[in-house]
Amino acid sequence: MKILVLGGAGYIGSHTVYELIDAGEEVVIADNLETGHIEAVHPKAKFYKGDIRDRAFVDSVFDNEKIDAVIHFAANSLVGESMVNPLKYYDNNLCGTKVLLESMVAHNIDKIVFSSTAATYGEPERIPIMEGDRTEPTNTYGETKLSMEKMFKWTGKAHGLRYVSLRYFNACGAHVSGQIGEAHKPETHLIPLILQVPLKQREHISIFGDDYDTKDGTCIRDYIHVTDLAQAHILAVKYLMAGNESNIFNLGNGVGFTVKEVIETARKVTGDPIKAEIEPRRAGDPAQLIASSEKARTILGWKPEHADLEEIIATAWKWHSTHPNGYAK
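Quick caveat, the model's predicted, so the values are computed rather than measured.

So, on to the packing of aromatic side chains. Summed over the entire model, instances satisfying the criterion amount to four aromatic pairs. Where Tyr 239 meets Phe 249, the ring centres are 5.9 Å apart and the plane angle is 90 degrees; that geometry is what we call edge-to-face. Of the two residues, Tyr 239 is situated in helix H7 (residues 226-241) and Phe 249 in strand S11 (residues 247-251); the sequence distance between them amounts to ten residues. In this pair, the class of Tyr 239 matches that of Phe 249, namely buried. Aromatic rings pair up to connect Phe 114, Phe 152 and Tyr 163 into one cluster. For the cation-ring pair, Arg 281 lies above Tyr 212, with the distance from its terminal atom to the ring centre recorded as 3.9 Å.

Dropping the structure here:
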């Protein structure tokens with residue numbers, strides 16, 4: 001198969017490319033490098049630099065390459081930024097997807113796997129969250145991702161496009177080789193922020209609220225290793241290639257860990273005391289977010305191989321301790 005990975009120089013995209021190439025697939029990457037890193041691009045992948053909002057660019061990729069399916073990671077994804085600059089998110093996430101779909105329809109490419117998010121649900125009605133639960137996003141980022149899902153649905157009805165939308169929770173960890181990993185500016189994810197303490201890049205990690213109705217008072221989140229996420233995208237492509245109908249799947253480890261548990265595990269992995277300070281709650285932080293991945297396990301045959309929190313943090317530490325400034329030299 002020849003797979004086009006949009007956003008293949010980003011965190012989850014680059015890990016998915018590595019897994020695809022290990023599986024013997026041909027990979028084409030398109031990325032504008034706004035948040036991606038050219039250093040994260042696999043040497044065996046073909047790379048096109050450009051923006052999916054540029055129809056001529058997207059057409060040129062489809063004209064040059066005989067693409068079997070698309071995996072779509074190209075989006076802005078910072079919740080806080082999306083609330084301050086919502087139109088940026090509508091422009092990149094929605095306008096970009098519209099242009100992409102126009103080009104896919106014109107080139108008769110009818111299979112797409114989409115990187116969605118648990119933010120499509122908003123405040124959960126129940127734990128674990130099921131795919132059929134209410135979707136009422138509480139931020140612009142989640143709203144644009146949900147709108148993208150709807151765009152695939154209606155394009156499918158009109159033009160026969162088939163899609164798989166993967167709604168996932170906290171991506172974390174790094175490639176076992178330590179060659180690629182997480183490098184965001186600014187960094188907003190908990191595990192890399194914690195690891196900045198032993199790297200002497202911050203004095204302490206902040207815990208926002210310790211009075212939630214959880215076992216130790218801190219928020220519970222579902223952490224999932226980036227390589228397990230990558231494998232799910234590959235299984236979703238195979239599912240579509242086999243002729244199956246459009247579908248939506250949650251991806252999570254189904255367990256959930258508290259902020260304090262993540263910090264304690266990081267102390268164990270790094271051997272550093274990692275100072276933590278309690279601060280007031282942040283607005284809009286639900287007490288717990290845990291996904292049911294039963295549907296993905298049953299239909300896609302997906303099984304997380306790296307669900308152990310200590311292993312997840314160890315792979316992250318291997319990357320961050322050898323790349324303290326990310327991909328920057």
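Having seen the structure, we can now continue with the description.
Along the polypeptide, Ser 14 turns up in helix H1 (residues 11-22). One polar contact links the side chain of Ser 14 to the main-chain carbonyl oxygen of Tyr 11, over a distance of 3.1 Å. Aside from chain neighbours lying at most four places away, what touches Ser 14 is Gly 8, Ala 9, Ala 40 and Ile 180.

Moving on: the side chain of Lys 145. With respect to the element layout, Lys 145 can be found in helix H5 (residues 140-159). One buried charge, Lys 145, has no salt-bridge partner; the nearest side chain with opposite charge is Glu 149, at 8.5 Å. When residues no more than four places from it in sequence are discounted, the contact partners of Lys 145 are Ala 75, Phe 114, Ser 115, Ser 116, Thr 117 and Thr 120.

Turning our eyes to something else, we now look at the sheet that holds strand S6 (residues 162-168). Taken together, the seven strands give an open sheet; going across it, the order is S3-S2-S1-S4-S5-S6-S11, and neighbouring strands pair in parallel fashion. Looking along the sheet, the strands with just one partner apiece sit at the ends: strand S3 (46-49) and S11. Taken pair by pair, the neighbouring strands of this sheet meet at an average axis angle of 20 degrees, ignoring direction. Against the sheet, helix H2 (residues 55-64) makes contact with strand S1 (2-6), strand S2 (26-31), S3 and strand S4 (69-72), and its axis sits at roughly 160 degrees relative to S3, the strand it touches most. Contacting S4, strand S5 (111-117), S6 and S11, H5 crosses the sheet at an angle of about 160 degrees to S5.

What counts as what
Residues numbered from 1 in each chain as written. Predicted model: local features only at pLDDT ≥ 70, side-chain atom pairs only at ≥ 80, totals over all residues. Heavy atoms only, no water. Phe/Tyr/Trp six-rings, centres within 6.5 Å; stacked < 30°, edge-to-face > 60°. Helix = DSSP H or I, 4+ residues; strand = E, 2+ residues; numbered from the N terminus. Buried < 20%, exposed > 50% of the residue type's maximum accessible area, 1.4 Å probe, protein only. Lys NZ or Arg CZ within 6 Å of the ring centre and 35° of its normal. Polar contact = N/O pair within 3.5 Å; in protein donor to acceptor, adjacent residues only side chain to side chain. Contact = heavy atoms within 4.5 Å. Lys, Arg positive; Asp, Glu negative; His and termini not counted. Salt bridge = Lys/Arg side-chain N within 4 Å of Asp/Glu carboxyl O. Pairing = 2+ DSSP bridges. Axes fitted to C-alpha atoms, helices over the stretch in contact; angles between N-to-C directions.

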